Amino acid sequence: MEETQQKTLNLGKLAPGAGVLGLVGTLACWGMMFSGNDKMWGSFMFGWYFWMSITIGMFGITILHHAVRGQWSLAILRLLEAGSGWKTFVIMGVLLSPVILQPIHLYEWADRAFTMADPVLRRKEWFLNQPGWTIRVIAVLVLFAALSAFFRHSTVRQDKNLNFKLEAGRSSWAGVSLVFFFLASTLFVTDLVMSMEPHWSSTMYGPWQIIAGGGAALAFCLLLQCTEAGKKPFSDILRPQLTRDQGNMMFALTMFWGYTTISQFLIIWNGNIPETTAYFAKRSSAMYPQGMEGNHWGILGLLLIIGRFFIPFFLLIAPRSKTKVMNLAKITGWILVMHFFDMYMLVIPAVHGRAEMGPLSGQIFFDILACFSVGCLWLATFAHQTKQAPLFPVYDTRLQEAKAHAH
Amino acid sequence: MSHAVAEETSTVYAIVAEFDTPEKLMSAAESARKAGFKKMDAYSPFPIHGLSEAIGFKDVKVPFLCFAGGLTGALFGYTLQYYVHVFDYPMNVGGKPLVSLPSMIPVTYEATILFAGLTAFFSMIALNRLPQPYHSIFNTPGFERATQDRFFLAIEAADAHFDAEKVKRFLQDHEPIRVSEVEP
């Protein structure tokens, strides 16, 4: 790559356009939700959770970076910080506010009379009740925002004073934070997504969702980094060994996704208890709209097994797919698309009445609208937060040195 | 002395240059590769970024062997279970079919990992021709410092372009501390 006349990547310019688009789209979604369109609540939840899973994943990788200070995550640290900054958690919290105020549209346990009449739900009532749920959801969002602000404040300060003590401090805090992050995220996804099917439960759910989100988050950052590889700051740091490490991490998360997904399935399949198998029954080939046998959820499941696991798995084994930035960009882009279907298959069948409509129904346009609107606001927040600090940490020059030594 | 020329080519293992900095070793290795030498090796007390690329070292065999080992393991794990469940000891578990793919995944997976891991380990040892109780490079004077603070580049006599005098002159151009002719 020529060292002359390199452009600097400016993500900040995305913010205003994406913000306006996202605001208009979100208001349209909210309008439909509050004018009696019950299916729109499910669509909005899907759109919101798709981006929230990426946010959770980015936050997890950020904490992991502070704990171990790896070079592969250093290259994308500022993207990770921008995608899981305190403002992101606040925006996501505000976007969720209709659901927090009226959970009845998505969660049948929110109907107290229904819960008390159901023998299974009555025994879960100590956990699945509206006051407790509201407090837990808001508490996790606030604590995540605070923890995120703490780490970000520390890296930005170190950029200015180059004080290594800050880095050592983050490393100590990150170990504890990682434990907290896993516990809190598990609680968060259990409350928001798993409890949409309150009879069903899975102890693999938290790690499974964190891994899925982590994979998508890494894919998002690598896609951005690899497509903008010719611009600063990435042009100063990218070299084949680095993208190979990042690709290996992507490979590890792909394997981990397969591992957690199959583990959850295996345990449920082996146990063969009506309450737990309901999850897969709802997402199986038996679920299709009347008279439309070809439109069933099993197709989507097969797509995920092949597309979310086997294709990236075999592509990422080969070194040449990781050392060439354009190859890595294509694979990570593919993983992001698969993450969309993964989240679709997770959330949509849990929405009342949607499983029976099959994966391809007219409502899919509203699912996409919700995902797009929330995504625009998320991207605007992301772009805004990338602007607030150098796109590559000033204090850590390991990658520039390695690049200079490479040739 | 009539056989001097013939004896010299057969009694030399390599021409070895000793350097005091990794940078000198790197530049010598790079220009040696550009000069067309293929059979060479570098010795350093610590890993140097890019050195294996500089001496033209390509590690392609182990990954492929490892992959083949993994496939063999998957096949072995699956057929073992198939044999046990269908022919050797058929048993009805919870009314499920004898050949239930989900129940076979863990063992297939573990056998894949086991075979791939063992193949990687043993093929690495075999391809490196280990164990090797004797190696000519230890005849190099002062080689004990290769694990302390000196950096060595050996251009081996097995190389197609090898000519002891030319190689010596070539290595002298890269500021070595000394260049020695090493016996096999």
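Only a predicted model underlies this, so the values are computations on that prediction, with no experimental measurement involved.

(A) Seen up close, the nonpolar core. Trp48, Tyr107 and Leu192 of chain A are the most contacted members of the largest nonpolar core, which has 115 residues in total. Element by element, the count of residues in this core is highest for helix α2 (residues 38-68) of chain A, at 16 residues. Those residues in contact with leucine 192 of chain A that sit more than four places away from it in its chain are Met45, Trp48, Leu96, Tyr107, Trp133 and Val137 of chain A. Formed by 25 residues, the second largest nonpolar core is a distinct cluster that contains Ile15, Met26, Ala54 and Ile55 of chain B.

(B) Seen up close, the pattern of salt bridges. Tallied over the full model, the rule gives 19 salt bridges over all chains. Glutamate 81 of chain A is the salt-bridge partner of arginine 78 of chain A, the closest N and O atoms lying 2.8 Å from each other. Within this pair, arginine 78 of chain A and its partner glutamate 81 of chain A are both found in helix α4 (residues 77-83), separated by three residues, close to a single helical turn. According to the relative accessible area criterion, glutamate 81 of chain A is buried, its value standing at 6%. With its nearest N and O atoms 3.9 Å apart, the salt bridge here joins lysine 34 of chain B to glutamate 30 of chain B.

(C) Just the state of the cysteines, in detail. Residue and element names in this part refer to chain A. Overall, the coordinates contain zero disulfides over all chains when judged by the stated rule. Cysteine cysteine 221 shares no disulfide, and the gap to the nearest cysteine sulfur, in cysteine 226, comes to 11 Å. Here cysteine 221 falls in the buried class, since its relative accessible area comes to 0%. As a non-bridged cysteine, cysteine 371 has cysteine 376 as the owner of its nearest cysteine sulfur, 9.8 Å distant. Of the residues examined, cysteine 371 reaches a relative accessible area of 6% and is grouped as buried.

(D) Inspection of helix α10 (residues 205-227) of chain A at higher detail. Here α10 of chain A is 23 residues long and its end C-alpha atoms lie 33 Å apart, about the 33 Å a rise of 1.5 Å per residue gives. Within α10 of chain A, 20 of the 23 residues are buried, leaving the element largely enclosed by the surrounding structure.

(E) Quick look at the interface of chain A and chain B. Contact residues are listed per partner, giving twelve residues for chain A and ten residues for chain B. Where chain A abuts chain B, roughly 1100 Å² becomes buried across the two surfaces, and 69% of that area is made up of carbon and sulfur atoms. Contact with chain B buries surface across chain A, with Gln241, Leu266 and Trp269 of chain A losing the most and accounting together for 39% of the total. Summed over the shared surface of chain A and chain B, the number is zero salt bridges. Counting the contacts that link chain A with chain B gives two residue pairs in polar contact (both at pLDDT 80 or more). Residue assignment for the side of chain A that touches chain B shows that the elements contributing at least two residues are α12 (240-271) and α14 (297-317) of chain A. Ranked by residues supplied to the side of chain A that touches chain B, first place goes to α12 of chain A with eight residues. Tallied by class, residues from the side of chain A that touches chain B come to eight nonpolar, three polar and one charged.

(F) Highlighting empty space enclosed by the protein. Residues and elements named next belong to chain A. Counting across every chain of the model gives one cavity of 30 Å³ or more. One number sums up the size of the largest cavity: a volume of about 50 Å³. Around the largest cavity sit Phe59, Thr62, Glu81, Ser84, Gly85, Ser148, Phe151 and Arg152, which together line it. Of all elements in the fold, only α2 and α8 (130-161) reach the threshold of two or more residues within the lining of the largest cavity. No other element matches the three residues that α8 contributes to the lining of the largest cavity.

(G) Layout of unusual backbone geometry. A cis amide bond links lysine 232 of chain A to the next residue, proline 233 of chain A, at an omega of 5°. Looking at the secondary structure, you find proline 233 of chain A in the loop between α10 and α11 (234-237). Of note in this structure, arginine 69 of chain A is not a glycine but carries a positive phi near 55°. Accessibility expressed as a relative area gives 30% for arginine 69 of chain A, which makes it partly exposed. If you check the backbone angles, arginine 129 of chain B has positive phi at about 55° while not being a glycine. Tracing the backbone shows arginine 129 of chain B in the loop between α5 (101-127) and β3 (151-156).

(H) Fine view of the domain arrangement of chain B. Assigned domains of chain B: these are domain 1 (4-58 + 150-182) and domain 2 (61-127). Averaged C-alpha coordinates put domain 1 of chain B and domain 2 of chain B at centres separated by 45 Å.

(I) Focus on the pairing of strand β1 (residues 14-19) of chain B. Residue and element names in this part refer to chain B. Within β1, six of the six residues are buried, which leaves the element mostly enclosed by the surrounding structure. Side-chain alternation along β1 places Ala14, Val16 and Glu18 on one buried face and Ile15, Ala17 and Phe19 on a second face that is also buried. Two elements, β1 and strand β4 (residues 178-182), share five bridges in a ladder whose sense is antiparallel. Looking across to β4, one finds that isoleucine 15 is bridged to glutamate 181.

Each value, and the rule that gives it
- Residues numbered from 1 in each chain as written.
- Chains lettered and ligands numbered in written order.
- Predicted model: local features only at pLDDT ≥ 70, side-chain atom pairs only at ≥ 80, totals over all residues.
- Heavy atoms only, no water.
- Core = buried A, V, L, I, M, F, W, Y, C linked by side-chain atoms within 4.5 Å.
- Buried < 20%, exposed > 50% of the residue type's maximum accessible area, 1.4 Å probe, protein only.
- Helix = DSSP H or I, 4+ residues; strand = E, 2+ residues; numbered from the N terminus.
- Contact = heavy atoms within 4.5 Å.
- Salt bridge = Lys/Arg side-chain N within 4 Å of Asp/Glu carboxyl O.
- Disulfide = S-S within 2.5 Å.
- Expected span 1.5 Å × (residues − 1).
- Buried area = accessible area lost by both parts, 1.4 Å probe.
- Polar contact = N/O pair within 3.5 Å; in protein donor to acceptor, adjacent residues only side chain to side chain.
- Nonpolar A, V, L, I, M, F, W, Y, C, P; charged D, E, K, R; others polar.
- 1 Å grid on protein atoms, 1.4 Å probe; cavity = no way out; pocket = protein on both sides within 12 Å on 5 of 7 lines; lining within 4 Å.
- Points joined across faces, edges and corners; volume = space filled by probe spheres on them.
- Domains from an automatic or database assignment.
- Pairing = 2+ DSSP bridges.

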